[in-house]
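# Geometric and topological summary
Chain residues, written in single-letter form:
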Amino acid sequence: MKTLRMEEMNWVDIKKAIDDGFKTVVIGVGSTEQHGPHLPTKTDAIIADVLVNLIVQNLKNALQARTIKVGCSDHHLPFSGTISLKKSTLKAIIHDYIESLQKHGFENIIFIPTHGGNFNPLKEAVEEAQEKYPGIKIFGFTDLLGFVEAEDKIAAEFNITKEVAGAHAGEVETSQMLAIAENLVEKKRFQPGYLGVLGEEEIEKLFKNGMPSLTKIGIIGDPTNASKKRGKIYLEKIAEFLTDEIKKHKLA
Ligand SMILES: [Zn+2]
């Protein structure tokens with residue numbers, strides 16, 4: 001097939017693919033929010049789109065549905081350009097995606113969030129939908145800690161500490177963006193952001209009082225030494241990790 005992205009396909013070819021055994025559909029759940037002075041607000045959305053495309057290629061029997069490009073980003077609203085959905089809105093969108101996709105014959109519907117604020121609403125929506133549609137498997141990768149640990153582990157292979165790798169607009173995300181859309185990265189503005197401890201206490205503070213309570217420039221991590229080459233490897237390795245998680249749950 002020319003593409004696995006349903007948004008680039010017509011209904012005839014989509015129907016044929018599903019009839020031929022493409023019974024799994026994967027959807028990225030990104031955000032539209034500030035990513036420091038150097039990355040575009042679509043960072044999480046475009047990373048979700050690229051990651052999911054790699055995942056469906058790995059799975060071989062899966063199609064990609066259009067990425068959800070706005071998420072729950074209240075904690076970034078003090079920064080210009082951020083658009084945030086209420087938790088109930090994101091859940092409603094996820095429910096509507098599932099209701100639509102299950103009509104077409106998909107047996108596995110899988111959501112991959114790339115933004116921390118989306119993990120919880122996604123978890124709730126998936127649990128509710130699974131009760132409503134017991135005949136199909138609905139899965140969201142909602143292990144935020146597992147996701148962060150996997151990223152840190154991959155960065156550690158290049159001697160990048162988890163503080164530098166960063167949870168937001170740090171070395172890992174910036175490297176990925178250099179690999180995806182270098183023209184949208186403002187390299188002259190690379191600078192270290194928050195490099196302190198990021199434990200439960202700090203994360204709670206972040207969600208409650210907003211990003212500026214931790215960092216005035218909106219970066220957690222340090223993008224200074226980000227690399228396009230490494231970014232490509234990060235994307236491939238994170239996609240591999242998520243593919244394995246999907247397989248572990250016997251979803252494809
Ligand atoms: Zn991000």
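Attention in this report is confined to the structure presented alongside it. Being a predicted model, the structure only gives us computed values, none of them experimental. (Residues numbered from 1 in each chain as written. Predicted model: local features only at pLDDT ≥ 70, side-chain atom pairs only at ≥ 80, totals over all residues.)

A separate point is the nonpolar core. In this structure, Val26, Ile27, Leu51, Ile55, Ile112 and Leu242 are the most contacted members of the largest nonpolar core, which totals 52 residues. With ten residues, the single largest contributor to this core is helix α2 (residues 43–59). Excluding residues that lie within four positions of it along the chain, leucine 242 makes contacts with Leu51, Ile55, Ile112 and Phe141. The next biggest cluster of nonpolar side chains, apart from the first, holds 15 residues, and it includes Leu39, Ala167, Tyr194 and Ala226. (Core = buried A, V, L, I, M, F, W, Y, C linked by C-beta atoms within 7 Å. Buried ≥ 20, exposed ≤ 12 C-beta atoms within 10 Å, placed from the backbone. Helix = DSSP H or I, 4+ residues; strand = E, 2+ residues; numbered from the N terminus. Contact = placed C-beta atoms within 7 Å.)

So, about the environment of tryptophan 11. Note on placement: tryptophan 11 falls in helix α1 (residues 11–19). Placed 221 residues apart in sequence, tryptophan 11 and lysine 232 show a C-alpha to C-alpha distance of 32 Å.

This part covers the packing of helix α7 (residues 171–181) against helix α9 (residues 228–248). Running from N to C, α7 and α9 point in directions that differ by 100°, and their axes come no closer than 7 Å. For the element pair α7 / α9, the angle class is roughly perpendicular. Residue-level inspection shows Val172, Ser175, Gln176, Met177, Leu178 and Ala179 of α7 in contact with α9, the latter providing Lys228, Arg230, Gly231, Lys232, Tyr234 and Leu235. The residue inventory of the contact of α7 with α9, partitioned by class, reads six nonpolar, three polar and three charged. (Axes fitted to C-alpha atoms, helices over the stretch in contact; angles between N-to-C directions. Parallel < 35°, antiparallel > 145°, perpendicular 65-115°, else oblique. Nonpolar A, V, L, I, M, F, W, Y, C, P; charged D, E, K, R; others polar.)

A word on the sheet that holds strand β2 (residues 62–64). Spatially, four strands are ordered β2-β1-β3-β4 in an open sheet, and the strand pairing comes out parallel. Only two strands of the sheet have a single partner each, and these edge strands are β2 and β4 (137–140). On average, adjacent strands in this sheet sit at an angle of 20° to one another, irrespective of strand direction. Sheet topology places strand β1 (residues 24–29) next to strand β3 (residues 108–113); six bridges connect them, and they run parallel. If you follow valine 26 over to β3, its bridge partner there is isoleucine 110. (Pairing = 2+ DSSP bridges.)

Right, let's talk about the pairing of β3 for a bit. Counting buried positions over the six residues of β3 gives six, a clear majority of the element. Burial along β3 is two-sided: Asn108, Ile110 and Ile112 facing one way and Ile109, Phe111 and Pro113 facing the other are all buried. In terms of strand pairing, β3 meets β4 through four bridges, oriented parallel. Note that in β4 the partner of isoleucine 110 across the bridge is phenylalanine 139. Assessed by its sense of winding, the connection that carries the chain from β3 through helix α4 (residues 116–132) to β4 is right-handed. (Right-handed = clockwise from strand over helix to strand, strands pointing away.)

Turning to unusual backbone geometry, a few remarks are in order. With a phi angle near 60°, asparagine 159 is a residue other than glycine that sits in the positive phi range. You can see asparagine 159 is positioned in the loop between α5 (144–156) and α6 (162–165). For alanine 169, which is not a glycine, the phi torsion comes out positive at approximately 65°. Relative to the elements of secondary structure, alanine 169 occurs in the loop between α6 and α7.

Right, let's talk about helix α8 (residues 200–209) for a bit. Counting buried residues along α8, only one of its ten residues qualify, which leaves the element largely exposed. Positioned one or two residues after α8, glycine 210 has a phi angle of 90°, which is positive.

Before going further, it helps to examine α4. Relative to the 24 Å expected for 17 residues at 1.5 Å per residue, α4 spans 26 Å between its end C-alpha atoms, a close match to the ideal helical length. Every buried residue belonging to α4 is among Gly116, Gly117, Asn118, Phe119, Pro121, Leu122, Ala125, Val126 and Ala129, and all of these are buried. Contacts from the buried residues of α4 go to β1, α3 (87–102), β3, β4 and α5. (Expected span 1.5 Å × (residues − 1).)

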